[in-house]
Amino acid sequence: WRDIGKQMEAVAIPAQGSVGDVSGPIVPINTVYFIPVDGHDQALVLAAWLNSTPVRRYTNALGEHAAGGFRRFFAWLTELLPMPDALALALRDPQSWEACLGIDPDLRALLQHSKLLHGSSGHLPKTSLLAVDDAVDKLYEHTRVERGLL
């Protein structure tokens, strides 16, 4: 995720990329933060969670104010995020990932819709955005009332 913005915006970046005939590691030109994971699918799920409405509301509430309505999303802020138990367990190691993905439909939904969102070219499918929020709400076990408050 980048350190400054109007809202939290995360993306799953592959370890390697290519431009034309040149391949190598991807190096962002602006200040960003990385969370290392074991595989790209895990990165996709983590990005979906960070981009969900519940997480964005939390980060917007606590993010340091910057000029022009921007917020600063420092590492300490994401360390404070309450991660759903199923997601924390799934990200623990490759074996946990496979087991959790096999039994948790909400993690599978995050993966599926994050792939769609990462594959879109500028236009984000609203149904996928809503599906991500729904899956995250279920992982947090939010009630309908709690969902309405977010």
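None of the values given here were measured: they were computed from a predicted structure. (Residues numbered from 1 in each chain as written. Predicted model: local features only at pLDDT ≥ 70, side-chain atom pairs only at ≥ 80, totals over all residues. Heavy atoms only, no water.)

This brings us to a nonpolar patch on the surface. Taken together, the side chains of Val11, Ile13, Ile26 and Phe34 present a nonpolar region at the surface, about 360 Å² in accessible area. Take Ile26: it is sitting in the loop between strand S3 (22-25) and helix H1 (40-50). Given the relative accessible area of 35%, Ile26 is considered partly exposed. (Patch = residues over 30% accessible without salt bridge, like charges linked within 9 Å, V, L, I, M, F, W, Y side chains within 5 Å. Areas by Shrake-Rupley, 256 points an atom, 1.4 Å probe, with all protein chains shown as cover. Salt bridge = Lys/Arg side-chain N within 4 Å of Asp/Glu carboxyl O. Helix = DSSP H or I, 4+ residues; strand = E, 2+ residues; numbered from the N terminus. Buried < 20%, exposed > 50% of the residue type's maximum accessible area, 1.4 Å probe, protein only.)

Counted according to the given criterion, the structure contains four salt bridges. A salt bridge links Lys115 to Asp41, with the shortest nitrogen-to-oxygen separation between them at 3.9 Å. Taken together, the residues span a long stretch of sequence, with Lys115 in helix H6 (residues 105-119) and Asp41 in helix H1 at a distance of 74 residues. Residue classification places Asp41 among the partly exposed residues on the basis of a relative accessible area of 30%. Its salt-bridge partner being Lys138, residue Asp134 comes within 3.2 Å of it at the nearest N-O pair. Here Lys138 and Asp134 lie together in helix H7 (residues 126-140), a separation of four residues that amounts to about one turn. Looking at Lys138, the relative accessible area reads 40%, which means it is partly exposed.

What follows is about H6. The end-to-end C-alpha separation of H6 is 21 Å, in line with the 21 Å expected for 15 residues at 1.5 Å each. Of the residues making up H6, those classed as buried are Asp106, Leu107, Ala109, Leu110, Leu111, His113, Ser114 and Leu117. As for H6, its buried residues are in contact with H1, helix H4 (85-90), helix H5 (94-103) and H7. (Expected span 1.5 Å × (residues − 1). Contact = heavy atoms within 4.5 Å.)

Burial of H1 is extensive: nine of the eleven residues sit out of reach of the surface. Residues of H1 that are buried include every one of Gln42, Ala43, Leu44, Val45, Leu46, Ala47, Ala48, Trp49 and Leu50, and no others. Packed against the buried residues of H1 are helix H2 (53-62), H4, H5, H6 and H7.

Everything listed here is a matter of coordinates, which is why it stays silent on function.
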